[in-house]
Amino acid sequence: MRNRLILLAGVCAFLPLQVHAIVLELRSQQTAAGDSITLGDVIQSSQGVTSDDLTSVIAAAPSLGKQQTWSRDQIEKVLPASIKQDPIEWTGATACVISRPAVPYGPREVRQLITAEIGRHLPPESDYAILEMPGLDSFQIPAGPIDAKVELAAGTLRNEWADATLKFSAQGQLAVTQSVRFHWAYTRKVWQVSTAVGNREALAPSSFQQVELNVLKIPGQLQPATDFPQGEVAAHPLSEGKILMENDWVEPVLVTRNDLVTISYDHHGISITVQAKAMSNGVRNEVIAVQNLTSHKIFNARVVDARSLVYEQ
C-alpha cells in the first residue's frame, strides 16, 4: 500500500498543474460614444473578469468621423494588470473595428439652438434675434440620437455681445463642447421719463411714455422695467429722457419713526386694537418695533398700510 502511494505521488509530480484562464470573446465592431474605450466596449462576453476590469479604460477613442482597428495582440498589451497575470483565451472576432460616426453641425443649427435657449429666459413673443456669430465654422457631432445643451454666459441678457457653451452628449456621455461668441439684439417697450420725477415722489404713468428700444444698448447690468411699478416711489431724482430701471424705485415709507400708529391683534376669535408709537420707519410688510402707549411695552408689528400695523409674534 505504501509503495502505491509513493508511485501515485511520483506520477502527480509530473502532471501539469491546472491553470486558471481568462476567456475573452472579442466583438467584430463597436461604436464609441465618448472619448475613451473601455475593455467592456470591445468584449462581447468574458469569464474570470471583474466589473472593474470591464470598465477600465484601455485607449482613447478615435476622433469623430474616424475609426480604429484593434487586434487581439494589441488589446492584450493594454489589458489591466489584474488580467495580464493569467493566461488569455480568445474567442469571437480576431479584431474589433471601433468607429465614431459623425455629422456636420453648422452655423444655422447653432443659431437655432442658441435662439431657442435665449427665448426660454425672455417673456413670450419677445422680439430678438442673433445678428452674427463671427468665426464660427461647421464642426462635427456624433451621428444618431444626441442631447444638446446650451449654457449662456453670465450677463448674456444685458449685453449685445455674449458667449455660449454648447454641449453635445451621446448615450449619456459628453462628446463635444463648442464655445460660441455672438452678437444679438433684443427690442421691447420700456418706460421713459417724460416729466422729471423728484426723489421719493410717487411714480405715476402720466410722467412716463412707452418707447421701443434695443434694451441691450442701454448701459448697466440691471433690466429696464417691464411692468410699471404702480404704487412705488422714486429712489432718486429721475430726469427727463431716462429709461426706468429696476433700481429706480422703492417701496413708499408708510410709517415714520415716532408716528402714532394703530396695532391690530386678531387671534382665536379675540380682536384687539391698541395705539402705539413707531420706533423706526417702515415700508409695506416690514416688521418694526413699536411701543404701547399705555404699558410702554415694546413689541413687533408688521406694516400693512399707512400708520396701520398688525401684531407680529
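Residues numbered from 1 in each chain as written. Predicted model: local features only at pLDDT ≥ 70, side-chain atom pairs only at ≥ 80, totals over all residues. Heavy atoms only, no water.

Draft legend 1. Structural context of the confidence of the model for the chain. Of the residues in the chain, 94% reach a pLDDT of 70 or more, and the chain-wide mean stands at 91. This model gives residues 5-9 a pLDDT under 50, and the stretch forms 0 contacts once residues within four places in sequence are excluded. Across residues 11-18, confidence stays below pLDDT 50; counting only partners more than four residues off in sequence or on other chains, it has 0 contacts. (pLDDT = per-residue confidence, 0-100. Contact = heavy atoms within 4.5 Å.)

Draft legend 2. Fine view of the packing of aromatic side chains. Taken as a whole and judged by the stated rule, the model has 9 aromatic pairs. Pairing Tyr128 with Trp184 gives two aromatic rings, centres 6.4 Å apart and planes at 85°, and the pair type is edge-to-face. Here Tyr128, found in strand S10 (residues 127-132), pairs with Trp184, found in strand S14 (residues 173-193); they are 56 residues apart in sequence, far enough to count as distant. Under the relative-accessibility criterion, Tyr128 is labelled partly exposed at 22%. Relative to Tyr311, the ring of Phe299 lies with its centre 5.7 Å away and its plane at 50°, an arrangement referred to as tilted. Residue Phe299 is located in strand S23 (residues 298-305), and its partner Tyr311 is located in strand S24 (residues 308-311); the two are separated by 12 residues in the primary sequence. Owing to a relative accessible area of 14%, Phe299 belongs among the buried residues under this scheme. On the basis of relative accessibility, which here comes to 34%, the residue Tyr311 falls in the partly exposed class. Aromatic ring contacts, followed pair by pair, group Tyr105, Phe139 and Phe168 into a single cluster. (Phe/Tyr/Trp six-rings, centres within 6.5 Å; stacked < 30°, edge-to-face > 60°. Helix = DSSP H or I, 4+ residues; strand = E, 2+ residues; numbered from the N terminus. Buried < 20%, exposed > 50% of the residue type's maximum accessible area, 1.4 Å probe, protein only.)

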